[in-house]
Structure formats: structure tokens, C-alpha cells
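Chain and residue survey
Take a look at the letters that make up each chain.
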Amino acid sequence: MLLVNARISQKTYENWQQWPATIRSMLHGFCAIYAGSSDDASRLTALGASDVHDVGNLKFDAAPLAYDETMLQQLLQQSAGRPIFLAAST
């Protein structure tokens with residue numbers, strides 16, 4: 001099991017420090033962890049994770065997805081100016 005694009009905020013890190021055995025046990029379930037930044041990698045390592053790699057944020061490494069301009073215009077017409085809500089990467 002891999003943890004990819006792992007992120008952990010300073011606040012979450014501080015909260016997780018309250019349960020070191022639980023967090024360490026959870027993190028040891030991963031064969032490797034690929035962190036989104038060096039700060040994330042440092043926090044995860046400090047919490048007991050092993051085999052942590054700073055690979056950067058994968059979202060910024062991917063090229064924009066291709067789309068069909070005609071279909072996009074149809075969608076915009078069908079929405080008739082109403083807001084469009086997208087829940088991605090939740």
C-alpha cells in the first residue's frame with residue numbers, strides 16, 4: 001500500500017502528535033509514502049513514517065487535460081449562466 005501526494009498541515013501534525021502510537025501504527029501500514037513537499041515529508045517522518053520521499057505535488061506535474069471546445073460551449077449554453085459546482089479531489 002502506497003500513500004501518494006501525501007500532505008499534512010502544521011496544525012494536523014500538532015494534533016496527531018497527541019496519539020503517537022496510533023499514528024505510527026497507521027503510517028507503518030504503507031510500504032512507501034510520497035509526500036507533496038519537503039515540509040510534509042519532514043512532518044510525516046517525525047510522526048514515525050518510514051520510507052518517505054519528497055516528490056512534489058503531483059497535481060502541478062500533470063499537463064492540463066484535453067477537452068472538446070464544442071462540447072464545452074454546449075455545456076456553458078445548457079447551464080444558462082447558472083453556477084457550476086465541481087467537487088474534485090475531496
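In this report, the structure presented in the accompanying data block is examined. Because the structure is a prediction, the values reported are computed rather than measured. (Residues numbered from 1 in each chain as written. Predicted model: local features only at pLDDT ≥ 70, side-chain atom pairs only at ≥ 80, totals over all residues. Heavy atoms only, no water.)

1. Structural notes on the pattern of salt bridges
Following the criterion strictly, the structure yields 1 salt bridge and no others. The partner of Asp-40 in a salt bridge is Arg-43, and the shortest N-O contact between them spans 3.7 Å. Taken together, the positions of Asp-40 and Arg-43, both in helix α3 (residues 38-46) and 3 residues apart, correspond to about one turn of that helix. Residue Asp-40 shares its accessibility class with Arg-43, and that shared class is buried. (Salt bridge = Lys/Arg side-chain N within 4 Å of Asp/Glu carboxyl O. Helix = DSSP H or I, 4+ residues; strand = E, 2+ residues; numbered from the N terminus. Buried < 20%, exposed > 50% of the residue type's maximum accessible area, 1.4 Å probe, protein only.)

2. Remarks on the pairing of strand β2 (residues 32-35)
Two strands pair when backbone bridges link them, and strand β1 (residues 2-6) and β2 are joined in this way by 4 bridges, in the parallel orientation. Residue pairing across strands places Ala-6 opposite Ala-35, the latter belonging to β2. Bridge analysis of β2 against strand β3 (residues 52-54) gives 3 bridges, and the strand direction is parallel. Counted as the bridge partner of Ala-35 is Asp-54 from β3. Since β2 and β3 lie parallel, the crossover through α3 that links them has a hand, and here it is right-handed. (Pairing = 2+ DSSP bridges. Right-handed = clockwise from strand over helix to strand, strands pointing away.)

3. Some details on α3
If you check which residues of α3 are buried, you get Asp-40, Ala-41, Arg-43 and Leu-44. One side of α3 holds all its buried residues, which, seen down the axis, span an arc of 165°. For α3, the secondary structure elements touched by its buried residues are β1, α1 (10-16), α2 (20-27), β2 and β3. The backbone nitrogen of Asp-39 lies 3.4 Å from a side-chain oxygen of the residue at the head of α3, namely Ser-37. (Arc of directions from axis to C-beta. Contact = heavy atoms within 4.5 Å. Polar contact = N/O pair within 3.5 Å; in protein donor to acceptor, adjacent residues only side chain to side chain.)

4. Details of the sheet that holds β3
One open sheet holds the 3 strands; their spatial order is β1-β2-β3, and the pairing between them is parallel. At either margin of the open sheet sits one strand with a lone partner, and together these are β1 and β3. Going across the sheet, the axis of each strand differs from the next one's by a mean of 15°, ignoring polarity. Contacts between α3 and the sheet are confined to β1, β2 and β3, with β3 contributing the most and set at about 165° to the helix. (Axes fitted to C-alpha atoms, helices over the stretch in contact; angles between N-to-C directions.)

5. Re the environment of Ser-50
In this fold, Ser-50 is placed in the loop between α3 and β3. For the pair Ser-50 and Ala-21, spaced 29 residues apart in sequence, the C-alpha to C-alpha distance is 14 Å.

6. What about the environment of Leu-44?
With respect to the helices and strands, the residue Leu-44 is situated in helix α3. If near-sequence neighbours (up to four positions away) are discounted, Leu-44 is found in contact with Ala-6, Ile-8, Leu-27, Ile-33, Ala-35, Ala-49 and Val-52.

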